[in-house]
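Observations on chain architecture
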Amino acid sequence: MEREQIFWKLFGRKLISFKRLEDDELIGTGLLNPLLDKFRLFRLFTMIYFQSKFYKNYSTLGRWKGKIVTNTYAPPIGSFPMLRALKNLVKSNLIGHPFPVAMTFAVTYRCQCKCVHCSASSHLRKDIPELTTEEAKRVIDESQKLGVTILAFTGGEPLLREDIFELISYVNKRKALPIMFTNGLLLTDENVEKLVDAGLYSIFVSIDSPSPEEHNRLRGMPGIFETAVNGLQKMKSKGVFVGLSSYATRSATINGMYKKMYKLAKKLGTKNLMLFDGVPPAYNLKDTSEILTQEQREEIRNYCAEIFKEKKIPPFSYQSWIETSMQSYLGGMGCLAANIQYYVSAYGDVAPCDFTPLSFGNIRTEPLKKIWMRMVRHPAFNHRTPFCRMQHSKFRHCYIDPIPDNATLPYNINKLPIVDYRKMRK
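The structure contained in this document is the topic of the report that follows. Keep in mind the model is a prediction, meaning the values are calculated, not measured.

The rules behind these values
- Residues numbered from 1 in each chain as written.
- Predicted model: local features only at pLDDT ≥ 70, side-chain atom pairs only at ≥ 80, totals over all residues.
- Heavy atoms only, no water.
- Helix = DSSP H or I, 4+ residues; strand = E, 2+ residues; numbered from the N terminus.
- Rg over C-alpha atoms; globule rule 2.2 N^0.38 Å.
- Areas by Shrake-Rupley, 256 points an atom, 1.4 Å probe, with all protein chains shown as cover.
- Lys, Arg positive; Asp, Glu negative; His and termini not counted.
- Charge placed at Lys NZ, Arg CZ, Asp CG, Glu CD.
- Pairing = 2+ DSSP bridges.
- Axes fitted to C-alpha atoms, helices over the stretch in contact; angles between N-to-C directions.
- Buried < 20%, exposed > 50% of the residue type's maximum accessible area, 1.4 Å probe, protein only.
- Right-handed = clockwise from strand over helix to strand, strands pointing away.
- Arc of directions from axis to C-beta.
- Contact = heavy atoms within 4.5 Å.
- Parallel < 35°, antiparallel > 145°, perpendicular 65-115°, else oblique.
- Left-handed = near helix turned anticlockwise from the far one by under 90°.
- Salt bridge = Lys/Arg side-chain N within 4 Å of Asp/Glu carboxyl O.
- Patch = residues over 30% accessible without salt bridge, like charges linked within 9 Å, V, L, I, M, F, W, Y side chains within 5 Å.
- Phe/Tyr/Trp six-rings, centres within 6.5 Å; stacked < 30°, edge-to-face > 60°.

Section: the overall build of the protein
Secondary structure assignment for the protein yields 15 helices and 16 strands. A compact globule built from 426 residues would reach a C-alpha radius of gyration of about 22 Å, and the protein, at 20 Å, matches this within 12%. Judged by the C-alpha coordinates and their principal axes, the protein covers about 65 × 50 × 45 Å. Surface exposure of the protein reaches about 18200 Å², of which carbon and sulfur atoms provide 55%. Averaging the positions of the 61 positive and the 40 negative side-chain charges in the protein gives two centres separated by 8 Å.

Structural data, given as structure tokens:
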């Protein structure tokens, strides 16, 4: 399936336009497209233009310390964290290599659930300890020095970590905002109060299906749906921005699950629906049968874009629309992995994102900045892409398929060939 979209047109001539090819790749078809690659200032101007269009169309979800919130995964408009994020995006375009604005921190891999889609189960280790409180604080410090403005605590289940409230409190709220992804089982009255006191900005509760029975089955935990929804409502009552987190698979999309999830988010009165593209679970890394087809990604992108256009609440933050839509790509985004985001494991390994099981180093042995620079200079990540690498057949052939089936994740990148997957034949 190929589709062309024209953004700027003059006297019948296409100035900036793109055609989407297989694997969601884009090729420029407009007269000015070559300038986006050759001239950084032109690319910067284009990025600012499309970023402003994005923010102009967002609805107001509320206020945080007097500043308008338009997305629960982004800093409020005019806040210090937002200005830091814009600074890093500008630097990335002018200097020529990316600077991060978000990081995901898996503070533990302990969890009460046995999810069929778990991307973290093969990360759990018993031979080495989790990062200590002081080591975790050093991750936060070094992340803020790199310019990170969103710090997402995840796991496993982050609320199983005893010092999680201390770590949230430790985040400098003038530099970065702490958010959390949780299964909702531990959102007790006491923990909710502690999260609020620690200064949590927003929280995403994971829901796999609007059917309680199906959600409980997928999580391997009876009664978790009701407990999670109750916890979600408790967070809402305290004024915390609450969203739903879910994922899209090939089989579920055939049945319109993404629409059903949006209806649930609206029914519960959440401030966002975050829908990730499903990738092979950690315990079955080579099985691509549930990866979305290109047509399905486009289907969900169009649904998401329509909600955005009509300024509906809650907004629908679909991974493929945020990262890889043509508008997003022009706005300086693209795949977030090793572009504006990275992931730190509970043991200190640094990977491009939550779902890319490749370690580029460990913060216990070297500075985070050094690892980041190694990552963004590697031929697998030294370029911006209009597609998720983990769903790209060439990338998977070079960097996922060679990983041994019994490997502990994330896998050391030095054990894999240093190649540019884009030049590989299919």
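A short note on the sheet that holds strand β3 (residues 26-28)
Taking strand neighbours across the sheet as the criterion, the three strands line up as β1-β2-β3 in an open arrangement whose pairing is antiparallel. With partners counted over all chains shown, the strands left at the sheet margins are β1 (3-10) and β3, one partner each. Across this sheet, the average inter-strand angle for adjacent strands is 20°, counted without regard to direction. Pairing of strand β2 (residues 13-20) with β3 involves three bridges; the strand directions are antiparallel. Bridge pairing in β3 links K19 to I27.

Re the pairing of strand β6 (residues 102-106)
β6 sits mainly inside the fold: five of its five residues count as buried. Here β6 shows no split at all, with A102, T104 and A106 on one side and M103 and F105 on the other all buried. Examined bridge by bridge, β6 and strand β7 (residues 150-154) share five bridges and lie parallel to one another. Across the sheet, the residue bridging to F105 is F153, located in β7. As a crossover connection, the stretch from β6 through helix α4 (residues 133-146) into β7 is right-handed. Bridge analysis of β6 against strand β13 (residues 341-344) gives four bridges, and the strand direction is parallel. By the bridge assignment for β13, M103 is matched with Y342.

Remarks on helix α6 (residues 189-198)
All of the buried residues in α6 are N191, V192, L195 and A198. Down the axis of α6, the smallest arc covering the buried residues is 130°, so these residues share one side. Exposed residues lying more than 90 degrees from the buried face of α6 are D189, E190 and D197. For α6, the secondary structure elements touched by its buried residues are α5 (164-170), β8 (177-182), β9 (202-206) and α8 (224-237). Phi turns positive, to about 95°, at G199, one or two residues after α6.

Regarding the packing of helix α10 (residues 257-268) against helix α11 (residues 294-309)
Relative to each other, α10 and α11 sit at 30°, their axes nearing to 10 Å. With respect to α11, the axis of α10 lies roughly parallel. Taken as a pair, α10 and α11 cross one another with a handedness that is right-handed. Here α10 contributes Y258, K259 and Y262 to the contact with α11, which in turn contributes E299, I300, Y303 and I307.

Some remarks on the pattern of salt bridges
In this structure the tally under the stated criterion is 19 salt bridges. Two residues, D189 and K234, come together in a salt bridge whose shortest N-O distance is 3.4 Å. One end of the pair, D189, is in helix α6; the other, K234, is in helix α8, and 45 residues separate them in sequence. The class of D189 is exposed, set by a relative accessible area of 54%. Judged by its relative accessible area of 29%, K234 falls in the partly exposed class. Among the ionic pairs, E310 bridges to K312, the shortest N-O distance being 3.3 Å.

Here we look at the sheet that holds β9
Strands belonging to one sheet form pairs held by backbone hydrogen bonds; the direction of such a pair is parallel or antiparallel. The nine strands lie next to each other as β12-β11-β10-β9-β8-β7-β6-β13-β14, forming an open sheet whose pairing is mixed. At either margin of the open sheet sits one strand with a lone partner, and together these are β12 (316-318) and β14 (350-351). Strand direction decides the pairing type here: strand β11 (residues 272-277) and β12, joined by three bridges, are parallel. Note that in β12 the partner of L275 across the bridge is Y318.

Some points on unusual backbone geometry
For the bond from G155 to G156, the omega torsion is 15°, close enough to zero to count as cis. Position of G156 among the secondary structure elements: in the loop between β7 and α5. That bond from L409 to P410 is cis: its omega, -5°, falls within 30 degrees of zero. Inspection of the secondary structure assignment puts P410 in the loop between α15 (393-399) and β16 (411-412). A positive phi angle, near 55°, is found at K311, a position not held by glycine. Mapped onto the elements, K311 comes out in the loop between α11 and β12.

Describing a nonpolar patch on the surface
A cluster of nonpolar side chains, contributed by L41, L94 and I95, occupies part of the molecular surface with about 290 Å² of accessible area. Relative to the assigned elements, I95 resides in helix α3 (residues 80-95).

Brief notes about the packing of aromatic side chains
For any pair of aromatic rings, geometry is given as the distance between the ring centres together with the angle between the planes. A full pass over the atoms with the stated rule returns 19 aromatic pairs. Measuring from ring centre to ring centre gives 6.5 Å for Y73 and F181, while their planes differ by 55°; the resulting arrangement is tilted. With Y73 in the loop between β5 (67-69) and α3 and F181 in strand β8, this residue pair connects regions lying 108 residues apart in the sequence. Judged by its relative accessible area of 12%, F181 falls in the buried class. When the ring of Y258 is compared with that of Y303, the centres are 5.3 Å apart and the planes differ by 75°; the resulting orientation is edge-to-face. Of this pair, Y258 sits in helix α10 while Y303 is found in helix α11, placing the two residues 45 residues apart along the sequence.

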